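Now for the letters of each chain:
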Amino acid sequence: MQIGSTQRGNTETYLVHIFGRGLEDDRYVVERFRSAADGAITPVPIAAPPARGKKRRRPRHTVTSLSNVKKMRPARDEIIVCTAVNLEDSGVQLWGAWATGIFANGRHR
């Protein structure tokens, strides 16, 4: 009998890690990452408009407001890092339930 060992499809569990002063700034740099079951974390490039003329690298982050940061919710395997623009080493990290590794089976690591 396995009670509570599986996560339901409608569950919205995530971990919030506040660092530095937290959410005291008005603008934040947002970076998104994907976590695999083996522990690998890879950056997720954001969709950018097509470049005109010169080829440019795809941006890995975007700048957004405090109200948008408060509304963010990570997917199960996603990590969102929001760092304050004007305050050094301040912001928030949002970890999806599977990205934390708490619900992952130990033999997959």
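Undergrad: Before we go on, may I ask you to explain the side chain of Ser-90 in this structure?
TA: Along the chain, Ser-90 turns up in the loop between β5 (78-84) and β6 (91-96). A polar contact of 3.0 Å, which involves the side chain of Ser-90, links it to the backbone nitrogen of Arg-21.

Undergrad: Hey, could you run me through the pattern of salt bridges in this one?
TA: Two side chains bearing opposite charge may form a pair once their charged atoms approach each other closely. Using the criterion set out here, one finds 2 salt bridges in the structure. For Glu-78, the salt bridge goes to Arg-32, with nearest N and O atoms at 2.8 Å. You can see Glu-78 sitting in strand β5 and its partner Arg-32 sitting in strand β2 (residues 27-35), a full 46 residues away along the chain. Residue classification places Glu-78 among the buried positions, given a relative accessible area of 7%. With a shortest N-O distance of 2.9 Å, Asp-77 and Arg-34 are connected by a salt bridge. Pair noted here: Asp-77 is in the loop between α1 (66-71) and β5 and Arg-34 is in strand β2, with a separation of 43 residues, a long-range link. When its relative accessible area of 32% is taken as the criterion, Arg-34 is described as partly exposed.

Undergrad: What am I meant to see in the nonpolar core here?
TA: In summary, soluble globular proteins display a tendency toward joint burial of nonpolar side chains. Tyr-28, Val-30, Val-69, Met-72, Ile-80, Cys-82, Ala-84, Leu-87, Val-92 and Leu-94 form the largest nonpolar core, which has 10 residues in total. Elements with a minimum of two residues in this core: β2, β5 and β6. Among residues more than four places away in sequence, those in contact with Met-72 are Val-30, Arg-32, Thr-64, Ile-80, Cys-82 and Leu-94.

Undergrad: Which parts of the structure should I look at to understand the environment of Thr-83?
TA: Inspection of the secondary structure puts Thr-83 in strand β5. Since its relative accessible area comes to 25%, Thr-83 is described here as partly exposed. In this structure, the C-alpha to C-alpha distance between Thr-83 and Gly-20, residues 63 residues apart in sequence, is 9.7 Å. If we ignore the near neighbours within four places in the chain, the residues touching Thr-83 are Phe-19, Arg-27, Tyr-28, Val-29, Ser-90 and Gly-91.

What counts, and at which threshold
Residues numbered from 1 in each chain as written. Predicted model: local features only at pLDDT ≥ 70, side-chain atom pairs only at ≥ 80, totals over all residues. Heavy atoms only, no water. Helix = DSSP H or I, 4+ residues; strand = E, 2+ residues; numbered from the N terminus. Polar contact = N/O pair within 3.5 Å; in protein donor to acceptor, adjacent residues only side chain to side chain. Salt bridge = Lys/Arg side-chain N within 4 Å of Asp/Glu carboxyl O. Buried < 20%, exposed > 50% of the residue type's maximum accessible area, 1.4 Å probe, protein only. Core = buried A, V, L, I, M, F, W, Y, C linked by side-chain atoms within 4.5 Å. Contact = heavy atoms within 4.5 Å.

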